[in-house]
Structures are given as C-alpha cells and as structure tokens.
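Summary of the model geometry
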Amino acid sequence: MTQDEMKEKVAEAALTYVQDGSIVGVGTGSTANKFIDALAAMKDRIIGTVASSEATAERLRSHGIAVLELNDALKQVKQLSVYIDGADEFDGDNNLIKGGGGALTREKIIACASASFVCIVDASKQVKHLGAFPLPVEVIPMAESYVTGIANSLGGNTIRREGFITDNGNIILDLHGMVITDAPALEERFNHVPGVVTCGIFSHFSRKGDVVLMGTPTGVEVIEG
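Reference entry: report on the structure contained in this document. (Residues numbered from 1 in each chain as written. Predicted model: local features only at pLDDT ≥ 70, side-chain atom pairs only at ≥ 80, totals over all residues. Heavy atoms only, no water.)

Right, let's get into the side chain of threonine 28. Locating threonine 28 in the fold gives a position in the loop between β1 (23-26) and α2 (30-39). Polar contacts involving the side chain of threonine 28 include one to the side chain of serine 53, which spans 2.8 Å. Setting aside chain neighbours within four positions, we find threonine 28 in contact with Ser52, Ser53, Thr56, Asp85, Ala103 and Glu107. (Helix = DSSP H or I, 4+ residues; strand = E, 2+ residues; numbered from the N terminus. Polar contact = N/O pair within 3.5 Å; in protein donor to acceptor, adjacent residues only side chain to side chain. Contact = heavy atoms within 4.5 Å.)

Dropping the structure here:
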C-alpha cells in the first residue's frame, strides 16, 4: 500500500466519527484533503463545516460542502462535534506537531472548539520524540528577532519560512534540530513569549489527538489518546 493509499484509508475511516446533523471542523494539508474528498459523499447529512484555512475552505466549497465561520457555527451549536486533521508528527502520548502547511493557529482554535479531535496520519508520522519535523511557531512580524533569540536558547536552529505569510498576516519561524521530550512544557513556554501567536505543539495544554487513525500497509490502526 502506498503512502497516498494509506492517507485515503484513514480519511475514509474518519467518516465514522462524523455525526449526522453536526458541524465538522476540517484541517489543512494533504491528508485533510483526502478527508474532504471523502466527506463529499455525506455532505447532505451535516449542517456544514468550519475550515482551518482559506485553501481548505476553497476545497470544501468545490465539493458543494457548506463552510461556516467559527463564530457563526458556535451560535448554532455549543461545540463542533469533531475536528479532523492530519499531523506532521505524533508521539506515544498522541502529542502532535502541526503547522507544516502554516495553518497552525486556526487549526488549534478549531481543535479546541471541538468535542473531539481525530488525527489522521500515515505510519511515517509516528515518532518516539517530537522534533525531527521542524517545529513551526507563528509570530507577529515585529517580534521576529526577539522570538528567534528565545527559540534558539531553547535548543532550536530557528529559520524563517521564506516567502510565506499566514492567513492571519503573520510569519512562521521553523525550529530545526529539536528533541522534544516534554511537549506540554515546551508548548506552555512558547505560550508565554510575547509576539508568539501559537506554536505547532498540540499537547494537553491545547488539544492533542483524542484518537489517532494511523494508516499502515495492512490497514488502519486506532490509537486512543
């Protein structure tokens, strides 16, 4: 089974977590795109979706799937029923690194506004410790040098993502070469740095995966958080 086929299998498996008559949060990236394509088959059974990026919203609309702003959605329901998205890495506690596509802030907001978070990945995303994938940090532009200094002091080799601006008008700093053994603590540290909008660690301080659906060559493995 190819990596692309594994992504398709976990996307299809995620449909079982979509409740009829609900509003679904949808993430950003190649695996999330597979889920959007699969969701089209049941678009008439849900109220609509909340998208974590403009790219996701465009793909959803291309399938005729209704897209709501989060504020409007939460006027209709107390919580989104589920948030479904991929990840760049996940560890044994279902802590995640996300943000390779640059949508980490909106992804984190929607994940936190959802009753559950189902993370869909292929087996290549499973790691012992987070950090092999560069950790993204969304930063207000005027704070770039300040945040870079702090990030480097925490053990990262910090590189600005060139030619990229988030949907929120900010920059991304990618921290290379880290071995993250305490994901919640590092996330909390970045949460207290002025100028940081958010970092790409999704742990219990924000919203780690309640369930990880991992595509493997032999099928989909369900990993509970």
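The next point concerns the sheet that holds strand β5 (residues 96-97). One open sheet holds the 3 strands; their spatial order is β4-β5-β11, and the pairing between them is antiparallel. Both outer strands of the open sheet, β4 (89-90) and β11 (201-202), are each paired with one neighbouring strand and no more. In this structure, β5 lies alongside β11, joined through 2 bridges in antiparallel fashion. Looking at the pairing, isoleucine 97 lines up with isoleucine 201 of β11. (Pairing = 2+ DSSP bridges.)

Contact geometry for α2 and helix α3 (residues 54-62): axes closest at 9 Å, N-to-C directions at 25 degrees. It follows from the interaxial angle that α2 and α3 lie roughly parallel. Crossing angle aside, the handedness with which α2 passes α3 is right-handed. Here α2 contributes Asn33, Ile36, Asp37 and Leu39 to the contact with α3, which in turn contributes Thr56, Arg59 and Leu60. Here the residues of the contact of α2 with α3 sort into 3 nonpolar, 2 polar and 2 charged. (Axes fitted to C-alpha atoms, helices over the stretch in contact; angles between N-to-C directions. Parallel < 35°, antiparallel > 145°, perpendicular 65-115°, else oblique. Left-handed = near helix turned anticlockwise from the far one by under 90°. Nonpolar A, V, L, I, M, F, W, Y, C, P; charged D, E, K, R; others polar.)

Glancing now at α3. Along α3, the residues classified as buried are Thr56, Ala57 and Leu60. In an axial view of α3, the angular spread of the buried residues amounts to 100 degrees, which keeps them on one side of the axis. Facing away from the buried side of α3, by more than 90 degrees, are the exposed residues Ala55, Glu58 and Ser62. The inward-facing, buried residues of α3 abut β1, α2 and β2 (48-51). (Buried < 20%, exposed > 50% of the residue type's maximum accessible area, 1.4 Å probe, protein only. Arc of directions from axis to C-beta.)

Moving on, we come to the nonpolar core. Ranked by internal contacts, the top residues of the largest apolar core, which has 22 residues, are Val18, Phe35, Leu39, Ile84 and Ile120. When residues of this core are traced back to their parent elements, those giving at least two are α1 (3-14), β1, α2, α3, β3 (82-85), β6 (117-122) and β12 (211-216). In this structure, valine 18 is in contact with Val24, Phe35, Leu39, Met42, Ile46 and Ile84, ignoring residues within four places of it in sequence. Formed by 21 residues, the second largest nonpolar core is a distinct cluster that contains Leu135, Leu175, Val193 and Val196. (Core = buried A, V, L, I, M, F, W, Y, C linked by side-chain atoms within 4.5 Å.)

Turning next to the pairing of β2. With burial as the criterion, each face of β2 is covered, one bearing Gly48 and Val50 and the other bearing Thr49 and Ala51. With 4 bridges joining them, β1 and β2 adopt parallel strand pairing. When the sheet's bridge partners are listed, valine 26 is paired in β2 with alanine 51. Remark: the β1/α2/β2 crossover connection has right-handed handedness. (Right-handed = clockwise from strand over helix to strand, strands pointing away.)

Further remarks concern the pairing of strand β13 (residues 219-224). Sheet analysis places β12 next to β13, joined by 6 bridges and oriented antiparallel. Bridge pairing in β13 places methionine 214 opposite glutamate 221. Adjacent in sequence and paired antiparallel, β12 and β13 are bridged by 2 residues.

For glycine 225, the location among the structural elements is in the segment after β13. The exposure class of glycine 225 is exposed, given its relative accessible area of 67%. Between the alpha carbons of glycine 225 and aspartate 4 there is a distance of 25 Å; along the sequence they are 221 residues apart. Not counting residues within four places of it along the chain, the set of residues in contact with glycine 225 comprises Asn94, Gly209 and Asp210.

It is worth spelling out the pattern of salt bridges at this point. What the rule picks out here adds up to 12 salt bridges. Residue glutamate 187 pairs with lysine 108 through a salt bridge whose shortest N-O separation is 2.9 Å. One end of the pair, glutamate 187, is in helix α7 (residues 183-191); the other, lysine 108, is in helix α5 (residues 104-112), with 79 residues separating them in the sequence. Classification of glutamate 187 by relative accessible area gives buried; the value is 1%. Notably, a salt bridge pairs glutamate 144 with arginine 160, separated by 2.9 Å at the nearest N-O pair. In this pair, glutamate 144 is assigned in helix α6 (residues 144-153) and arginine 160 in strand β8 (residues 157-160), connecting sequence segments 16 residues apart. (Salt bridge = Lys/Arg side-chain N within 4 Å of Asp/Glu carboxyl O.)

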